[in-house]
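For reference, the chains in residue letters:
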Amino acid sequence: MKTNYIRSFDGLRGLAVLAVLVFHGSYGAFKGGFLGVDLFFIVSGYLITSLLFEEHQSTGRISFIKFYARRGLRLLPALWLGVVLADILWPVTRLEAPNDQAIATFGALFYSTNIIADTLTGNLNHLWSLSVEEHFYFVWPFVMAYVIVVAPATARIRILLLTLLAVTIFRIFVFVHEGEWVYKIFVIGSYEFTLCRVDCILLGGLLYFYLSDRELHHKTFDTRWDFVWLMVCLAGFIILGLTLSLYDPYWRYGGFIFTNLFCLSIVFLAIRNPNHPVFSNRALVWVGKRSYGIYVYHLPIFMALESLRVAHSMGNLVLVTGLRWVISLGVAALSYEFLEKPLLHYKRRYQAQH
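Because the structure is predicted, anything quoted here is derived from the model rather than measured.

### Regarding the overall build of the chain
- A count of helices and strands for the chain gives 13 helices and two strands.
- Taken over the C-alpha trace, the chain has a radius of gyration of 20 Å; the compact-globule value for 354 residues is 20 Å, and the two agree within 12%.
- Counting every position in the chain, which comprises 354 residues, the buried fraction comes to 52%.
- If you take every contact in the chain between residues at least 6 apart in sequence, the share linking residues at least 24 apart comes to 77%.

### Some words on helix α1 (residues 7–25)
- Between its terminal C-alpha atoms α1 stretches 28 Å, which fits the 27 Å expected from 19 residues at 1.5 Å a residue.
- Where α1 terminates, the next one or two residues include Tyr27, which has phi positive at roughly 55°.

### Some words on the side chain of Ser112
- Along the chain, the position of Ser112 falls in the loop between α4 (101–109) and α5 (128–149).
- Assessed through its relative accessible area of 8%, Ser112 is described here as buried.
- Not counting residues up to four positions away in its chain, the partners in contact with Ser112 are Phe106, Gly107 and Ser131.

### Concerning the packing of helix α2 (residues 33–59) against helix α9 (residues 226–243)
- Put simply, α2 and α9 touch, their axes get as near as 8 Å, and they point 130° apart. Here α2 lies oblique to α9, going by the angle between them. On α9, the residues touching Leu35, Gly36 and Leu39 of α2 are Phe237, Leu240 and Gly241.

### Structural notes on the packing of aromatic side chains
- Scanning all chains against the criterion turns up 21 aromatic pairs.
- Relative to Tyr295, the ring of Phe40 lies with its centre 6.2 Å away and its plane at 70°, an arrangement referred to as edge-to-face. Taken as a pair, Phe40 in helix α2 and Tyr295 in helix α12 (residues 291–305) lie far apart in primary sequence, 255 residues in all. For the pair formed by Phe40 and Tyr295, the shared burial category is buried.
- Relative to Trp251, the ring of Tyr191 lies with its centre 6.2 Å away and its plane at 55°, an arrangement referred to as tilted. Placement of Tyr191 in the loop between β2 (186–187) and α7 (194–197) and of Trp251 in helix α10 (residues 249–272) is noted, with a sequence separation of 60 residues between them. Like Trp251, Tyr191 is buried.
- Three or more aromatic residues joined by ring pairs form one cluster here, namely Phe34, Phe41, Trp128, Tyr191, Trp251 and Phe256.
- Looking at Arg71, its charged tip hangs above the ring of Tyr137, at a distance of 5.3 Å from the centre.
- The ring centre of Phe256 lies 3.9 Å from the NZ or CZ of Arg171, which sits over that ring.

### Structural notes on the pattern of salt bridges
- In total, this model carries eleven salt bridges according to the counting rule given.
- In this structure, Arg324 engages Glu306 in a salt bridge whose closest nitrogen and oxygen atoms are separated by 2.5 Å. Placement of the pair is Arg324 in helix α13 (residues 314–344) and Glu306 in the loop between α12 and α13, with a sequence separation of 18 residues.
- For Arg324, a relative accessible area of 4% puts it in the buried group.
- Salt bridges here are not isolated pairs; linked through shared partners, they connect Asp38, Arg171, Arg197 and Asp199.

### Concerning a nonpolar patch on the surface
- A cluster of nonpolar residues, Trp225, Phe227, Val228, Met231 and Val232, forms a patch on the protein surface that exposes about 560 Å² of accessible area.
- Its place among the elements puts Met231 in helix α9.

### So, α9
- Counted at 1.5 Å a residue, the expected span for α9 with its 18 residues is 26 Å, and the 25 Å between its end C-alpha atoms agrees.
- When we look at burial in α9, the residues that qualify are Asp226, Leu230, Cys233, Gly236, Phe237 and Gly241. Seen from one end, α9 has its buried residues packed into an arc of 135°, which puts them on one side. For α9, the exposed residues set more than 90 degrees away from the buried face come down to Phe227, Val232, Ile239 and Thr243.
- Against the buried residues of α9 lie α1, α2 and α10.

### Digging into the packing of helix α3 (residues 64–89) against α4
- Where α3 contacts α4, the axes come no closer than 10 Å and their chain directions differ by 170°. By the criterion of interaxial angle, the relationship of α3 to α4 is roughly antiparallel. Residues Leu79, Trp80, Val83 and Asp87 of α3 lie in contact with α4, whose contacting residues are Gln101, Thr105, Ala108 and Leu109.
- Looking at the contact of α3 with α4 residue by residue, the classes come out as five nonpolar, two polar and one charged.

### Section: unusual backbone geometry
- With an omega dihedral of 15°, the bond running from Ala97 to Pro98 counts as a cis peptide bond.
- Position of Pro98 relative to the elements: it lies in the loop between α3 and α4.
- Its identity is not glycine, yet Tyr27 carries a phi of approximately 55°, on the positive side.
- Note on placement: Tyr27 falls in the loop between α1 and α2.
- Look at Lys184: it is not a glycine, yet its phi comes out positive at around 55°.
- Inspection of the secondary structure puts Lys184 in the loop between β1 (182–183) and β2.

Rules used in this analysis
- Residues numbered from 1 in each chain as written.
- Predicted model: local features only at pLDDT ≥ 70, side-chain atom pairs only at ≥ 80, totals over all residues.
- Heavy atoms only, no water.
- Helix = DSSP H or I, 4+ residues; strand = E, 2+ residues; numbered from the N terminus.
- Rg over C-alpha atoms; globule rule 2.2 N^0.38 Å.
- Buried < 20%, exposed > 50% of the residue type's maximum accessible area, 1.4 Å probe, protein only.
- Contact = heavy atoms within 4.5 Å.
- Expected span 1.5 Å × (residues − 1).
- Axes fitted to C-alpha atoms, helices over the stretch in contact; angles between N-to-C directions.
- Parallel < 35°, antiparallel > 145°, perpendicular 65-115°, else oblique.
- Phe/Tyr/Trp six-rings, centres within 6.5 Å; stacked < 30°, edge-to-face > 60°.
- Lys NZ or Arg CZ within 6 Å of the ring centre and 35° of its normal.
- Salt bridge = Lys/Arg side-chain N within 4 Å of Asp/Glu carboxyl O.
- Patch = residues over 30% accessible without salt bridge, like charges linked within 9 Å, V, L, I, M, F, W, Y side chains within 5 Å.
- Areas by Shrake-Rupley, 256 points an atom, 1.4 Å probe, with all protein chains shown as cover.
- Arc of directions from axis to C-beta.
- Nonpolar A, V, L, I, M, F, W, Y, C, P; charged D, E, K, R; others polar.

Below, the structure is given as structure tokens:
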């Protein structure tokens, strides 16, 4: 059974990247950029799991070469351009020692930013989340091959639940011992280390299998309460974003379980309504389709324009904020139109042959 295109997912990506931009540009007023990252991770886990599972269902195998070719065509061109942009802007960016351009560039290109100390990665620090996703892509096809071929269908959800429990326990354990996992430039942190952050990606995969086992992917749901659900989710997203910091020890001691489930409920709402009138509106979908580029390019641009800031000037704040958003969205739009979208046509060569 092939999963249909879910337009609402593009809207969710748009909402997620907007949350990250507000977080990086609000000077601490909006603390919930991590909610956007969690949404990205859950959607990614759901979609990658669906693609691998359905490829096996239709062809009887998973082609690892084709999977990595598709991922490379989608991710690498914008990443390389983003690293070049960050390196060009590095000299005009206010970066304090010991930030190191060579180390930051190495971490970005080799998907290791999430294990390098934040004090070194400068305007490429945000690429830690891409490292987590790429590490997931390295391992997940092989895990899926086991789950599909070897493990009984009834055991899939149990396997993922046990893995999720282990990740959750490990994440709390690393937080309790935060600061002890350091070796020169390398750090294991409870927020950025891969084995601490795949919980949301696993939740996405778990949601896919839960719906598959119950044949709910294409079921027409009763949507009478969805407007209320949407309002609660959006209000919760804003309230959590304004009040809950990712540095809050209560959140790191396990409160992240509840924000993960909260984000999961938003993703499920999008699946219930693949063309949700809010999540599939044109503006959010436009942003969502370009969200990868927006995410990659925005922080170097945001940080470089910080040199234009004038303290205690509201007019200057509005001007700089506007420039940050317009330039970031503009660069991402050009990248999508002239770099990413043309290369996506080559992905068809690496699609599963039914």
